[in-house]
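So the chains spell out like this:
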Amino acid sequence: MTAIPFKENTVIVVFGASGDLARKKTFPALFGLFREGYLSDTTRIIGYARTKMTVEEFHSRIKEHFDIRDGSQDLVGRFLDMCTYESAQYDQPEGYKKLTVGIEEFEASRCVDRPHRLFYLALPPAVFIPVAERVRKYCHPGKNGVARLIVEKPFGRDLATARELQEKLAPLWKEDELFRIDHYLGKEMVKNLIPLRFANSFLHACWNNQYISSIQIEFKEPFGTEGRGGYFDNIGIIRDVIQNHLLQVLTLLAMERPISGDAESIRNEKVHLLRAIKPLNKENVLVGQYARSEDGKKPGYLDDKTVQPGSKCITYAALTLEICNERWESVPVILRAGKALNEGKVEIRVQFKETKNGIFSHVSRNELVIRVQPNEAMYMKMNTKIPGVSNRMVVSDLDLTYSQRYNKFYIPQAYESLIRDALNDNHSNFVRDDELDISWSLFTPLLEYLEGPDGPDPVPYPYGSRGPPQLNDYLAKNGYVYQGRAGGYQWPVTTPEGAHRSKM
């Protein structure tokens, strides 16, 4: 079925068009939307950056990462015809004036009476404000049009800098014009959390502390900084992943049911959930830094020449949140993330309480596992009788693996989904100003402690391992019951490559 384009004669300007983010994510996402019929061919896309290059060079640069599927080869040229490029400085008015002239000429040629413009800042934070100021001054269509500004993370590095950023943006751009993008909110399985929870009565009925014993949200990367340690050294894994991506996933997983499906109702409930989280316990945190692999083939973090000698940068962290409300009181929520681990995945794991009494008091706990990436899936570990005459119990699963069930469906990449949402003025999957403020209020005291003179040294762990050696003890102390291959259970072979799903 052919999708209906959402808007005609839209102008999209991508600032930072020569950078990696734009080349690898933004423009491939725009092409993906065009390929699937979600972007009108009347759209004008303008790349803006300081790098001097011709339009032809720009086209060659951005198409390297397009997902060109069968039958879509002829669409590449049509898409590139929609794209042009402007080279100018970010802090000088001349480039913005020239940009606006080009936009207005395009809109006049299409007889656009109500301009619709989207400005995407694929830029480092240092130039957010200078660009936002000049776009508002020179490129905004005014009351007769619609303008939207997408801002990439990081939204500050602590509470003070986040508030400073917001205080400078607020007079320029109204909250309903701002789209703070956290690409995890565009991932298919994360967008599925609200339907999963509130459209299934059997789950909704047991989604509380009477039945659930612990929750984990886990992020694992199989590679290290790979020469980018100079960038990562100033951020660390908590800022890079936990304070934003994993915390946002938690809000959708644990919030109360919104009164409606509109964006503000959803974001209101996310804020209510964040306000219910107790201050983080700085004594209940496990932090680590990857060292050389056990076989010596992979370098440690401190072997990266771009890293400061003796750096205490945290490349692995596990921390536990407590939600102080009626639904989640006493249920530990473990957020953990790390680099240079044994595999790459993002996973939500909801462990249910044991069966305490009766003939099945010895069986394994049920777990609902939601695989965000790779190979999107959700499966419930459950206890069943072994087929045949035996009465022995075995752990099996109810399995929904998307590559099998929905192998002919178009599942958009996160950036495709979110850019489409922004163009359609849907704020549901973007971060509101008060969400940002509360999240930094939670994490800033912990970060100040960890990075201060009294903070602990990160525990070394080998490149390619599961993380710090203390991980199992930490999980057990915080309520997770590891059951191993209980009942002979192994994740089923479901991926096209025939690989087993990973184990805890």
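Residues numbered from 1 in each chain as written. Predicted model: local features only at pLDDT ≥ 70, side-chain atom pairs only at ≥ 80, totals over all residues. Heavy atoms only, no water.

As recorded in an unreviewed UniProt entry, the chain goes by the name Glucose-6-phosphate 1-dehydrogenase, listed as coming from Dekkera bruxellensis. Per UniProt, the chain carries the Catalytic activity (unreviewed entry) text "D-glucose 6-phosphate + NADP(+) = 6-phospho-D-glucono-1,5-lactone + NADPH + H(+)". The UniProt entry for the chain carries the following comment under Function (unreviewed entry): "Catalyzes the rate-limiting step of the oxidative pentose-phosphate pathway, which represents a route for the dissimilation of carbohydrates besides glycolysis." (UniProt positions renumbered as here; feature names shortened; annotations may be inferred.)

Chemist: Explanation requested: the overall build of the chain in the structure shown.
Modeler: When helices and strands are counted, the chain shows 16 helices and 15 strands. A compact globule built from 504 residues should have a C-alpha radius of gyration of about 23 Å, and the chain, at 24 Å, falls within 12% of that. Each principal axis of the C-alpha atoms in the chain carries an extent, and together these give about 75 × 55 × 45 Å. Scored against the burial criterion, the 504 residues of the chain give a buried share of 54%. At a minimum sequence separation of 6, the contacts of the chain that also span at least 24 residues come to 77%. (Helix = DSSP H or I, 4+ residues; strand = E, 2+ residues; numbered from the N terminus. Rg over C-alpha atoms; globule rule 2.2 N^0.38 Å. Buried < 20%, exposed > 50% of the residue type's maximum accessible area, 1.4 Å probe, protein only. Contact = heavy atoms within 4.5 Å.)

Chemist: What am I meant to see in the environment of Asn 200 here?
Modeler: Residue placement: Asn 200 occurs in the loop between α8 (193-198) and α9 (201-205). Of the residues examined, Asn 200 reaches a relative accessible area of 26% and is grouped as partly exposed. A polar atom in the side chain of Asn 200 sits 2.8 Å from the backbone oxygen of Leu 196. (Polar contact = N/O pair within 3.5 Å; in protein donor to acceptor, adjacent residues only side chain to side chain.)

Chemist: How should I be thinking about the layout of surface pockets in this particular structure?
Modeler: Empty space among the atoms becomes apparent when a probe as large as a water molecule is rolled across them. Taken as a whole, the second largest pocket holds about 520 Å³ of empty space. Every residue lining the second largest pocket is counted, 28 residues in all, and those nearest its centre are Pro 125, Pro 154, Phe 155, Gly 156 and Arg 157. Elements with a minimum of two residues in the lining of the second largest pocket: α5 (128-139), α6 (159-169), α10 (229-232), α11 (236-254) and α15 (433-450). Broken down by element, the residue count for the lining of the second largest pocket peaks at six residues, all from α11. Of the residues belonging to the lining of the second largest pocket, the class tally is 12 nonpolar, eight polar and eight charged. (1 Å grid on protein atoms, 1.4 Å probe; cavity = no way out; pocket = protein on both sides within 12 Å on 5 of 7 lines; lining within 4 Å. Points joined across faces, edges and corners; volume = space filled by probe spheres on them. Nonpolar A, V, L, I, M, F, W, Y, C, P; charged D, E, K, R; others polar.)

Chemist: Explain the side chain of Asn 244 to me, please; I cannot follow it from the model alone.
Modeler: Here Asn 244 is to be found in helix α11. For Asn 244, a relative accessible area of 8% gives the class buried. At 3.4 Å, the side chain of Asn 244 and the side chain of His 245 are in polar contact. In contact with Asn 244, other than residues within four places in its own chain, are Lys 153, Asp 182 and Arg 239.

Chemist: Would you mind showing me how to read the sheet that holds strand β15 (residues 459-462) here?
Modeler: Strand pairing in a sheet takes place through backbone hydrogen bonds and is either antiparallel or parallel in direction. With respect to topology, nine strands assemble into an open sheet ordered β14-β13-β12-β11-β7-β10-β9-β8-β15, the strand pairing being mixed. Edge strands, defined here as strands with exactly one partner in the open sheet, are β14 (393-401) and β15. Between one strand axis and the next, the sheet turns through 20° on average, direction left out of account. For strand β9 (residues 316-321) and strand β10 (residues 333-338), the ladder comprises six bridges, and the chain directions are antiparallel. (Pairing = 2+ DSSP bridges. Axes fitted to C-alpha atoms, helices over the stretch in contact; angles between N-to-C directions.)

Chemist: Honestly, the packing of α5 against α6 in this entry has me stumped. Any pointers?
Modeler: Packed helix pairs are characterised by how far apart their axes lie and by the angle those axes make with each other. Two elements in contact, α5 and α6, have axes separated by 10 Å at closest approach and are oriented at 10°. The pairing of α5 with α6 is recorded here as roughly parallel in orientation. On α6, the residues touching Phe 128, Ile 129 and Ala 132 of α5 are Leu 165, Lys 168 and Leu 169. For the contact of α5 with α6, the class distribution of residues is five nonpolar, no polar and one charged. (Parallel < 35°, antiparallel > 145°, perpendicular 65-115°, else oblique.)

Chemist: Looking at this model, I keep getting lost on the pairing of strand β6 (residues 178-181). Mind explaining?
Modeler: Every other side chain in a regular strand lies on the same face of the sheet, so the side chains alternate between the two faces. Taking every second residue as pointing to the same face, both faces of β6 are buried, with Leu 178 and Arg 180 on one and Phe 179 and Ile 181 on the other. As judged from the four bridges shared by strand β5 (residues 146-152) and β6, these two strands associate in the parallel manner. Bridge pairing in β6 places Ile 150 opposite Phe 179. Each parallel crossover has a hand, and for β5 linked through α6 to β6 it is right-handed. (Right-handed = clockwise from strand over helix to strand, strands pointing away.)

Chemist: Would you explain the nonpolar core in this entry?
Modeler: For soluble globular proteins, nonpolar side chains are generally found buried alongside one another. Judged by nonpolar contacts, the single largest core of 150 residues is most densely connected at Phe 15, Phe 27, Leu 39, Phe 79 and Phe 119. For this core, the leading source of residues is α11, giving 11 residues. Among the domains, domain 1 (11-152) and domain 2 (185-412 + 433-478) are the pair contributing at least three residues each to this core. Once you skip the residues sitting within four places of it in the chain, Phe 15 turns out to touch Tyr 48, Tyr 90, Tyr 96, Leu 99, Phe 119, Tyr 120, Leu 121, Ala 122, Leu 123, Val 131 and Val 135. (Core = buried A, V, L, I, M, F, W, Y, C linked by side-chain atoms within 4.5 Å. Domains from an automatic or database assignment.)

Chemist: How should the domain arrangement of the chain be read in this particular structure?
Modeler: Where interface size is given, it is often the accessible area lost as the parts come together that is meant. What the domain assignment lists for the chain is domain 1 (11-152) and domain 2 (185-412 + 433-478). Here domain 1 and domain 2 have C-alpha centroids that lie 35 Å from each other.

Chemist: Help me understand the sheet that holds strand β4 (residues 116-121) in this model?
Modeler: Spatial strand order, β3-β2-β1-β4-β5-β6: six strands in an open sheet with parallel pairing. With one partner strand each, in any of the chains shown, β3 (83-87) and β6 form the two edges of the open sheet. Averaged over all neighbouring strand pairs, the angle between strand axes comes to 20°, with direction disregarded. Pairing geometry for strand β1 (residues 11-15) and β4, over five bridges, is parallel. Residue pairing across strands places Val 11 opposite Arg 117, the latter belonging to β4. On top of the sheet, α5 reaches β1, β4 and β5; it is set at about 165° to β4, its chief contact.

Chemist: What is the right way to look at the pattern of salt bridges in this model?
Modeler: A side chain of one charge can pair with a side chain of the opposite charge if their charged atoms are brought near each other. This structure, assessed with the given rule, holds 38 salt bridges. Across the pair Arg 69 and Glu 36 runs a salt bridge, and its minimum N-O distance is 3.9 Å. With Arg 69 in the loop between α2 (55-62) and α3 (73-81) and Glu 36 in the loop between α1 (20-35) and β2 (44-49), this pair connects stretches of sequence that are 33 residues apart. Classification of Arg 69 by relative accessible area gives partly exposed; the value is 33%. Judged by its relative accessible area of 23%, Glu 36 is partly exposed. (Salt bridge = Lys/Arg side-chain N within 4 Å of Asp/Glu carboxyl O.)

Chemist: In this structure, what is going on with the packing of helix α12 (residues 263-275) against α15? I would like to understand it.
Modeler: Orientation of α12 relative to α15, taken along the N-to-C sense of each, is 15°, at an axis distance of 10 Å. Between α12 and α15, the crossing angle belongs to the class labelled roughly parallel. Between α12 and α15 the crossing geometry is left-handed. For the pair formed by α12 and α15, the contact residues are Arg 267, Lys 270, Val 271, Leu 274 and Arg 275 on the first element and Asp 434, Glu 435, Ile 438 and Leu 442 on the second. (Left-handed = near helix turned anticlockwise from the far one by under 90°.)

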